[in-house]
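Given next are the chains, with one letter for each unit.
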Amino acid sequence: MSRTFLGMPGTVSMMGYSGKETFPENAAKAVRNSQLRFNLRKATGTIRGRRASVVGELPDWPDLRQAGKAIKDHTLRNLDTYLVRLEEAVTKAGGHVHWARDAAEANRIVTDLVKATGETQVVKVKSMATQEIGLNEALHAEGITAYETDLAELIVQLGDDWPSHILVPAIHRNRSEIREIFVRHMSEWGRPAPERLTDEPAALAEAARLHLRERFLATKVAISGANFMVAETGTLVVLESEGNGRMCLTLPETLISVVGIEKLVPTWRDLEVFLQLLPRSSTGERMNPYTSMWTGATEGQEFHLVLLDNGRTGVLADDLGRQALRCIRCSACLNVCPVYERSGGHAYGSVYPGPIGAILTPQLRGMGSELDRSLPYASSLCGACYEVCPVAIDIPSVLIELRGRSRHPVAERAGMAAAGWVFKRQGRLARAQRMGGRMRRLVPKRLPGPLGGWTDTRDLPAIPKESFRDWWNRTDGGAR
Amino acid sequence: MSARDVILARVRAAVEGVPDVEIPRSYRGPEPATDGLVDLLADRVRDYKAVVHVVEEAGVAALVADSLAARGVRRLVVPEGFPETWLPSGGFERIGDEPRLSAADLDTADGILTTCAVAVAETGTIVLDAGEGQGRRALTLLPDYHLCVVRQDQIESGVPGAVARLDPARPLTWISGPSATSDIELNRVEGVHGPRTLEVVVVTSG
């Protein structure tokens, strides 16, 4: 699978597919894969049920959601103040803060930091930000091997595959496929899979434990992201399940965290909201197994924080689109989306798939490619994503706005221009309606030429014999 | 201009004139402790497939002895400051972290016995802050068995109460059940990199 930088020179770069094909083309291929559809239906169905039950347990869920939304909006409004406050607090606690305008700058900072330690191997905690900037590929080019330690990321890395879900990157794989990947590829990266490995999830988890154990004990540099950063105290927060995060955050001598600037919350107290919203929305648990919080250099560790812009300030400047920066990457919107459930994450051609990806990717990456222009259409606008979003991002509204901004096909533009001309004068509309009424039997079920694309997925509405206005005039509002 | 100045200037230009928002905090805040919290915590921790015991102060040492024996723990790490009255008189080899144990030493220990800083009943969570009786973070990470003693007065009903009691300057680890993953078909499977067995002893205040 080819890995290319999609961004145009001088703008934001972000990892993704080669971007030649649009979402509908990718999705058309994906839905023909019955194994993928089965895996996705099973996994998203399970998680939807779990989320609904633990969210239903909290009587104040709507209040938490409103607070979460407001905290993020307030933070974004005062992001400059809080970033400076965070920098002060982290520095005071013995950490080093670096600023990166774009992916290339962040990759260079991290590469230089790793090189300064003299190490050529790093362990990684699952992180969307480092995927977005293509950090592993950048390190590889400099002779540094990055080992993914999250189970799903490990499955993706061993299988030379692409993540297809924000929280569970290997959601498109079922247990027997995972077993195959382990048996075939673990030996290429380190300790081979145990002999006679079965496809029982517990056995697969055990295989991952054994494969990574020595790596954790020996590696001296770790790279992470963070779910939250607290401006007031300089505290970073990582939520995880397996303990691979704790291994990476605790054991190595040097820790480098790459975090998007929108991950801030102003105060320590604000965590009381997000520690309730995030686990219940993402894995559907009352609480995830492990949450680590640390402030600056901890227990003798060397700590570096890389603050990443990479297009975020551009999104921040957009009055409607900036709400996408509230996202806490829970992935609840993916799990409820009827489009995601059928197309899978790869069709979106971005590290951010699903409904949130459909509004975040075109804003971060721009709408230069056919793929990115097609993403706002990867939705039926049913609104389920908005309903489950723990920070109330109105994804459907942003999708519609982005559709308006993208360049439309010639036939559609011509059709809209013609409709605009007709609707502009009442006389034109009346004449057009009378003509439509007389010719209504001649209108085909499928419109000719490029307009056929519209009728392929919709029925033409029946044209009435007489318009409402004509009926009203003829009958005097039904009196005659 | 430095990258820092550029990013801050971009932020200021982006939010200029945007109105600020008030933060509504109508959700439940810290709540006073009730007698039901012990049972709620025990239930919620059991939900994660952890082993839970509820005992009175006088029975802790005997219960710890039974648990260690049942699990076959020989080499047990006991962090500095762990209450001596909760320790059985014998039956295991006690390992301290002074001088610091290497990761390899910790990896071969049979278990770790700690106290905690706070517990959250509603979510079945125990929080460690590397204080007395808990030790540094790696101690509760590498051994495959973690036995944790919680005092009743450390239990908060919900997350806000726990956040209010904790000190962000300390390294904090929130633990909700044994290590687990949901990465295979989104089913929770216990036991990946952290301790695969978590046992919690809740000590009631008589």
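Since this is a predicted model, take the numbers as computed values, not measurements. Here the residue numbering is sequential within each chain, running from 1 through the sequence in written order. A letter from A marks each chain and a number from 1 marks each ligand, given out in the order of writing. This being a predicted model, a pLDDT of at least 70 is required before a residue's local features are given, and a value of 80 or more before pairs of side-chain atoms are given or counted; all residues contribute to the totals for chains, interfaces and linings. Heavy atoms from the whole structure form the basis of all side-chain values; hydrogens and water molecules are not counted.

Undergrad: Tell me about the UniProt feature "domain: Lactate utilization protein B C-terminal" (unreviewed entry) in chain A, and name the residues and values.
TA: UniProt positions are given in the numbering used here, feature names are shortened, and annotations may be inferred rather than shown by experiment. Here, UniProt's "domain: Lactate utilization protein B C-terminal" (unreviewed entry) annotation points to residues 406-474 of chain A. Note on conventions: DSSP H or I runs of at least 4 residues are helices, E runs of at least 2 residues are strands, and numbering of each starts at the N terminus. Annotation note: span residues 406-474 of chain A, helix share 58%, strand share 0%, distance between end C-alpha atoms 44 Å.

Undergrad: A description of the sheet that holds strand β5 (residues 145-148) of chain A should follow, citing residues and the corresponding values.
TA: Residues and elements named next belong to chain A. Note on pairing: two strands pair once DSSP finds at least 2 bridges between them. Ordered by their spatial adjacency, six strands build an open sheet running β3-β12-β9-β6-β4-β5, and the pairing between neighbours is parallel. Sheet topology places β3 (96-100) and β5 at the edges, where each strand pairs with a single neighbour. Looking at each pair of strands side by side, their axes are set apart by 25° on average, direction ignored. As paired elements, strand β6 (residues 221-224) and strand β9 (residues 254-260) share four bridges and run parallel to each other. Bridge pairing in β9 links Ala222 to Leu255. For helices, the axis comes from a line fit to the C-alpha atoms of the stretch in contact; other axes are also lines fit to C-alpha atoms, and the angle between any two N-to-C directions lies between 0 and 180 degrees.

Undergrad: Describe the environment of Asp161(A), naming the residues involved and giving the relevant values.
TA: Residues and elements named next belong to chain A. When you line up the elements, Asp161 lands in the loop between α8 (151-158) and α9 (175-189). Think of it in three bands: with a 1.4 Å probe and only protein chains considered, a residue is buried below 20% of the maximum accessible area for its type, exposed above 50%, and partly exposed in between. Residue Asp161 is classed as buried on the basis of its relative accessible area of 6%. For the purposes of these results, a polar contact is taken to be a pair of N or O atoms within 3.5 Å, where, inside protein, one atom must be able to donate a hydrogen and its partner to accept one; residues adjacent in sequence count only when each atom of the pair is a side-chain atom. Within the structure, the side chain of Asp161 is placed 3.0 Å from the side chain of Arg173, a separation counted as a polar contact.

Undergrad: How would you summarise the domain arrangement of chain A if you had to cite specific residues and measurements?
TA: Residues and elements named next belong to chain A. Boundaries of every domain are those given by an automatic assignment or by a domain database. Here the domain parsing of chain A yields domain 1 (23-52 + 313-405), domain 2 (150-219) and domain 3 (425-475). Across the contact, 17 residues belong to domain 1 and 13 residues belong to domain 2. Buried area between domain 1 and domain 2, both sides added, is near 1200 Å², and the carbon and sulfur share of it is 65%. Summed over the three residues of domain 1 that lose the most area to domain 2, namely Asn39, Ser331 and His346, the buried surface amounts to 35% of that side. What makes a salt bridge here is a side-chain nitrogen of Lys or Arg within 4 Å of a carboxyl oxygen of Asp or Glu, nothing more. Taken together, the connections running from domain 1 to domain 2 amount to zero salt bridges. Linking domain 1 with domain 2 are five residue pairs in polar contact (both at pLDDT 80 or more), by the criterion used here. Of all the secondary-structure elements, those providing two or more residues to the side of domain 1 that touches domain 2 are α2 (34-56) and α14 (332-336). A per-element tally of the side of domain 1 that touches domain 2 places α2 first, with seven residues. Any two residues whose heavy atoms approach within 4.5 Å at even a single point are treated as in contact. Here the quantity called buried area is the accessible surface, traced with a 1.4 Å probe, that two parts lose on coming together, added over both.

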